[in-house]
Amino acid sequence: MTDRPWAGIAPDMADVLRPALATAVDRSIENITHRYPELGADIAGRYGVALRKGIEDALSRFLDLLGSDLPPLDTELTASFASFGAREDRRGRSLETLLAAYRDGARVAWQVFSGAALDREVSRVALATLAEAIFVYIDELSSASALGFAQAQLRHASERDLARRELASALLAGEAGTHAPRVRELAGRAGWRLPTRVAVAVLATRGVDARPPILHPEILVVDRGDEVQGIIPDVAIPGLARQFASIAGAGGAVGDLPMRVFVGTVRTLGEAPLSLAHAQALRRLADRGLLGEVGPVVTAARHLVALVLHADRSLAEHLVAQELAPLEPVPPARREILATTLLCWLGQHGDRAATSRALGIHPQTVSYRLGELRRLFGAGLDDPARRLALHMALAAGPQVADDPAQ
């Protein structure tokens, strides 16, 4: 086999086959109509006209090639068959049906042309070369359509990606509530179904060049330089957590810090900026170690108390000063011991034995400290509302003083 087997066919073979050209075109159209209805559905319309012309031009070009060393396709024919491939992408179909139709077209062309050649008693060697030339030529037409399909996919993917980025930026700017028609238009271009509720996730990158991808296909992503922000439909949040956990847990790190994802509160679509603010607040608290030990995925739902405590610095300072005032006269070292004991005791719901185990000290020591605390705080230790306020103040106390971002 050669790249251009038509060069080995006598030029006068074209005169033998040309009278059969119209028959080959008609049978090809008939074959497509009956065997490939999705391609032949518009056979009487503009597509049908273009298809018939494409087949006529292709078979006519093939006959012109016989006896020459010309390349299989000229610029016009390449563009024509590339457009057939691009049409399949626009219809949301694969190339499988189109290429199958081409293979059938080669079979039809061979049947018609070989019949015409046999009527003129063409030699077997010439027939074999003709068969080879037909199938090599059809492969070239298939390649042109495959290229058009691939180019259309790249173009549409680029357009969709741009629309997704624009949509993400619009949602994070709150435009779902202020410019709803534009958001709907962008969503249509992006192929993204607008959910009712979303959460915004922040993947801190701190300028690292090789950023881990956000894998879930339903997440809208925008890169802000030091962090990647993702808008997640509420139904996709469990999947997001698993996928981000696998990203961050695979050894990803930024400097000396492990890679972490911070997921804001679940809000209505118009409140996406608020969810983003909560995700970023989580990130700041985690960076300062104010959330304790956290995993690779940090959610606002698990740290609402911390977010509330640190939402307003002045209120948090006031709460700490008011509720922990009875400890002020106590020397600092003893004050820290009593505060730690009180926080643990409150966390154990007033269970002395559980507090003893948690602190690793003797129950009598716990009793002694509680006695001291009761002298300082009085009946407030038995008041549920006061216990809650104390618990919040003790949890926030040293953190408020150390957190300049509040």
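Rules and cut-offs
- Residues numbered from 1 in each chain as written.
- Predicted model: local features only at pLDDT ≥ 70, side-chain atom pairs only at ≥ 80, totals over all residues.
- Heavy atoms only, no water.
- Helix = DSSP H or I, 4+ residues; strand = E, 2+ residues; numbered from the N terminus.
- Buried < 20%, exposed > 50% of the residue type's maximum accessible area, 1.4 Å probe, protein only.
- Contact = heavy atoms within 4.5 Å.
- Polar contact = N/O pair within 3.5 Å; in protein donor to acceptor, adjacent residues only side chain to side chain.
- pLDDT = per-residue confidence, 0-100.
- Pairing = 2+ DSSP bridges.

### What about the environment of Val 16?
With respect to the helices and strands, the residue Val 16 is situated in helix H1 (residues 13-17). Judged by relative accessible area, which is 14%, Val 16 ranks as buried. Spatially, the C-alpha atom of Val 16 lies 9.9 Å from that of Leu 118, the residues being 102 residues apart in sequence. Ignoring anything within four residues of it in the chain, the contact list for Val 16 reads Ala 116, Ala 117 and Arg 120.

### Here we look at the side chain of Glu 227
Note on placement: Glu 227 falls in strand S3 (residues 227-233). At a separation of 2.5 Å, a polar atom in the side chain of Glu 227 contacts the side chain of Arg 283.

### Observations concerning the side chain of Gln 229
Structurally, Gln 229 is set in strand S3. Taking relative accessible area as the criterion, Gln 229 reaches 4% and is therefore assigned buried. Only 2.7 Å separates the side chain of Gln 229 from the side chain of Glu 227, close enough to count as a polar contact. Setting aside residues no more than four positions away along its own chain, Gln 229 makes contact with Leu 172, Ala 201, Val 202, Leu 220, Val 221, Val 222, Arg 224, Leu 276 and Gln 280.

### So, the confidence of the model for the chain
Per-residue confidence for the chain averages 84 on the pLDDT scale, and 87% of its residues sit at or above 70. Considering each helix and strand of the chain separately, the mean pLDDT is smallest for strand S4 (residues 253-254), with a value of 42, and largest for strand S7 (residues 267-268), with 94. Contacts of residues 248-257 to residues separated by more than four positions or lying in other chains number 14 contacts, the stretch itself having pLDDT below 50. Predicted confidence for residues 399-406 stays below pLDDT 50, and this span has 20 contacts to residues more than four positions away or in other chains.

### Focus on the pairing of strand S1 (residues 197-204)
With 7 of 8 residues buried, S1 lies mostly within the body of the structure. Bridge count between S1 and S7: 2 bridges; the pairing is antiparallel. Paired with Arg 197 across the bridge in S7 is Thr 268. As judged from the 7 bridges shared by S1 and S3, these two strands associate in the antiparallel manner. What sits directly across from Ala 201, in S3, is Gly 230. Examined bridge by bridge, S1 and strand S6 (residues 261-263) share 3 bridges and lie antiparallel to one another. In the sheet register, Ala 201 faces S6, and the bridge partner there is Val 263.

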